[in-house]
Amino acid sequence: MSAYYYYVTNILVVGSGGREHALGWKLSKCDGVDKVYFAPGNGGTHVNVNIPINNIDKLLKFALIHDCFTIVGPELPLELGIVNEFKKKNLKIFGPTRLATRIESSKIWSKKFMTKHNIPTAKFEIFDNYEYAMQYVQSTHHPIVIKTDGLASGKGVFICNDISKSSSVLNKMLQQKKFGNAGTKIVIEEYLHGNELSYIVLSDGDHMIPLVTSKDYKRIYDQDEGDNTGGMGSYSPANIDERIEKKLNQIMLRVIWSMKKMGRPFVGFLYAGVILHDDDPYVLEFNARMGDPECQSIMMRLNSNLYDYLNACVNKKLSIMPQLDWKQKHAVCVVLASDGYPNNYNTNETIYGLNSINDPDCFIFHAGTKKINKKFVTNGGRVLGVTGLGQNRKLAASKAYDLVNHINWKSKYNRTDIGN
Ligand code: AMP
Ligand code: GLY
């Protein structure tokens, strides 16, 4: 333990995915951190606490009793106001308040915010009426993108190449209400061509420190075919030059200052999903949290004490912190999923080959797994995030895929082009 720490803290990581495993894994190595709890965690995390992410009351009681510094992984508890409730009890918690989370939880709010503050984004229209939306899509050029206003676990976005696809999506959203409340209002936006990247910064509400760049693979099949998913793999760094990075920093600062002015200061990981269109960055979406599986690649590269930075954000002291220190290596994370994801898939299948790891440049982050009698079984759509480091992206990918080939279960599925 470092001599600087007179007081060590316990950490509570809220969530159960690969992102939460990666955050907790990194935090458990930090000076100043004692125990790391995961609520509810997964087969690869410990110590797990059996509290679901939407039970704010129970999470709060646990954090009070165990004197925890809390970090929130997924968007749902943020939208439910976990940060507001914890702050009322003077508990330290890293993440945005309910009002600040609006930047992710309502695509309409977020698009209007971007327009108002001159943040480049795709042109868009808003609808809550099926007939009007149909009239619009019949009169517009395809492809277009149709999005639910509310949260849909990354599954509420549809790229429509022709009218027949758009009308079937509009029917599902506005007629059949397949997305419930999340889809009663929708955004229809122009389709932008270009390469995507994820740009994530730490913010204390006033200042920011950027993380390294990363890229996420959203589609289920190789060559970016098929449905959108939560993310089938990631790598870091992404390929961008200084000019783009400067523009991205200007965008993020504009968001942070505008949110502060609006009385919704943003504390937490601020994530921009960016597309490079005509050589300029356009924001496709903001998230109020870390990306999954970007987090797995990013955490593998981080040298700095993550806890110090999260604490500095909560205490509004980010301006006195130095820039983060990173391994000058590339990281690639390959997500192993259950065949059928993002739709129907089997669970409870025994996973083999998890002990095959013996390399400090590799790590297997668990997501949809469960541990039963010392064995691991599948327990979700995205099951594992196998991550490798290397001197270049190709070497990092080959590290990760070597390990992927040693892991098996009956319905294992993964993309084969992550990092290509
Ligand atoms: P979102 O949740 O809004 O980031 O959308 C999920 C994914 O859909 C993005 O990562 C893109 O791959 C794709 N997408 C969303 N909006 C657009 C757009 N306007 N143009 C092209 N692709 C888009
Ligand atoms: N990987 C995309 C996300 O976390 O939203």
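As the structure is a computational prediction, the values presented were derived from the model and not from experiment. (Residues numbered from 1 in each chain as written. Chains lettered and ligands numbered in written order. Predicted model: local features only at pLDDT ≥ 70, side-chain atom pairs only at ≥ 80, totals over all residues. Heavy atoms only, no water.)

Engineer: Please clarify how the packing of helix 5 (residues 98-105) against helix 6 (residues 107-116) should be interpreted in this entry.
Structural biologist: Two numbers describe a pair of packed helices, the interaxial angle and the distance between the axes. For the pair helix 5 and helix 6, the least separation of the axes is 6 Å and the interaxial angle reads 90°. Viewed along their axes, helix 5 and helix 6 adopt a mutual orientation that is roughly perpendicular. The residues of helix 6 that touch helix 5, namely those facing Arg102, Ile103, Glu104 and Ser105, are Lys107, Trp109, Ser110 and Phe113. Among the residues forming the contact of helix 5 with helix 6, the class breakdown is 3 nonpolar, 2 polar and 3 charged. (Axes fitted to C-alpha atoms, helices over the stretch in contact; angles between N-to-C directions. Helix = DSSP H or I, 4+ residues; strand = E, 2+ residues; numbered from the N terminus. Parallel < 35°, antiparallel > 145°, perpendicular 65-115°, else oblique. Contact = heavy atoms within 4.5 Å. Nonpolar A, V, L, I, M, F, W, Y, C, P; charged D, E, K, R; others polar.)

Engineer: Explain the pairing of strand 9 (residues 195-204) to me, please; I cannot follow it from the model alone.
Structural biologist: When a strand is regular, its side chains alternate between the sheet's two faces. Counting buried positions along strand 9 gives 8 out of 10 residues, so the element sits mostly inside the fold. Relative to strand 15 (residues 267-277), strand 9 is paired through 10 bridges, and the arrangement is antiparallel. Bridge pairing in strand 15 places Leu197 opposite Val274. As defined by bridge partners, strand 9 adjoins strand 10 (residues 208-210) across 3 bridges and the pair is classed as antiparallel. Following the sheet pairing, Leu202 is matched in strand 10 by Ile209. In this antiparallel pair of consecutive strands, strand 9 and strand 10, the connection spans 3 residues, and Gly205 shows a positive phi of 100°. (Buried < 20%, exposed > 50% of the residue type's maximum accessible area, 1.4 Å probe, protein only. Pairing = 2+ DSSP bridges.)

Engineer: Please explain the site of ligand 2 as it appears in this structure.
Structural biologist: Neighbouring residues of ligand 2: Asp216, Lys218, Gly230, Tyr271, Asn287, Arg289, Gly291, Asp292, Pro293 and Glu294. A distance of 2.9 Å separates a nitrogen atom of ligand 2 from a polar atom in the side chain of Glu294. Protein chains shield 91% of the accessible area of ligand 2, which is 200 Å² for the free molecule. (Near = heavy atom within 4 Å. Polar contact = N/O pair within 3.5 Å; in protein donor to acceptor, adjacent residues only side chain to side chain. Areas by Shrake-Rupley, 256 points an atom, 1.4 Å probe, with all protein chains shown as cover.)

Engineer: I keep staring at the nonpolar core and nothing clicks. Help me out?
Structural biologist: Nonpolar side chains in soluble globular proteins tend to end up buried together. Ile11, Ile71, Leu202, Leu211, Phe269, Met299 and Leu310 are the most contacted members of the largest nonpolar core, which has 39 residues in total. When residues of this core are traced back to their parent elements, those giving at least two are strand 1 (9-15), helix 1 (18-27), strand 2 (33-40), strand 3 (68-72), strand 9, strand 15, helix 10 (294-301) and helix 11 (306-314). If you tally residues by element for this core, the top one is helix 11, at 6 residues. Filtering out sequence-adjacent residues up to four positions away, Leu310 remains in contact with Leu27, Phe69, Ile71, Phe94, Leu202 and Phe269. (Core = buried A, V, L, I, M, F, W, Y, C linked by side-chain atoms within 4.5 Å.)

Engineer: I would appreciate a short explanation of unusual backbone geometry in the present structure.
Structural biologist: In most cases, non-glycine residues show a negative phi, while peptide bonds are predominantly trans. Note that the residue after His142, namely Pro143, is joined by a cis bond; omega there is 0°. Cis geometry is found at the peptide bond from Ser236 to Pro237, where omega equals 0°. At Asp67, a residue that is not glycine, the phi angle is positive and equals roughly 50°. You can see Asp67 is positioned in the loop between helix 2 (56-65) and strand 3. Exposure remark for Asp67: the relative accessible area of 42% places this residue in the partly exposed category.

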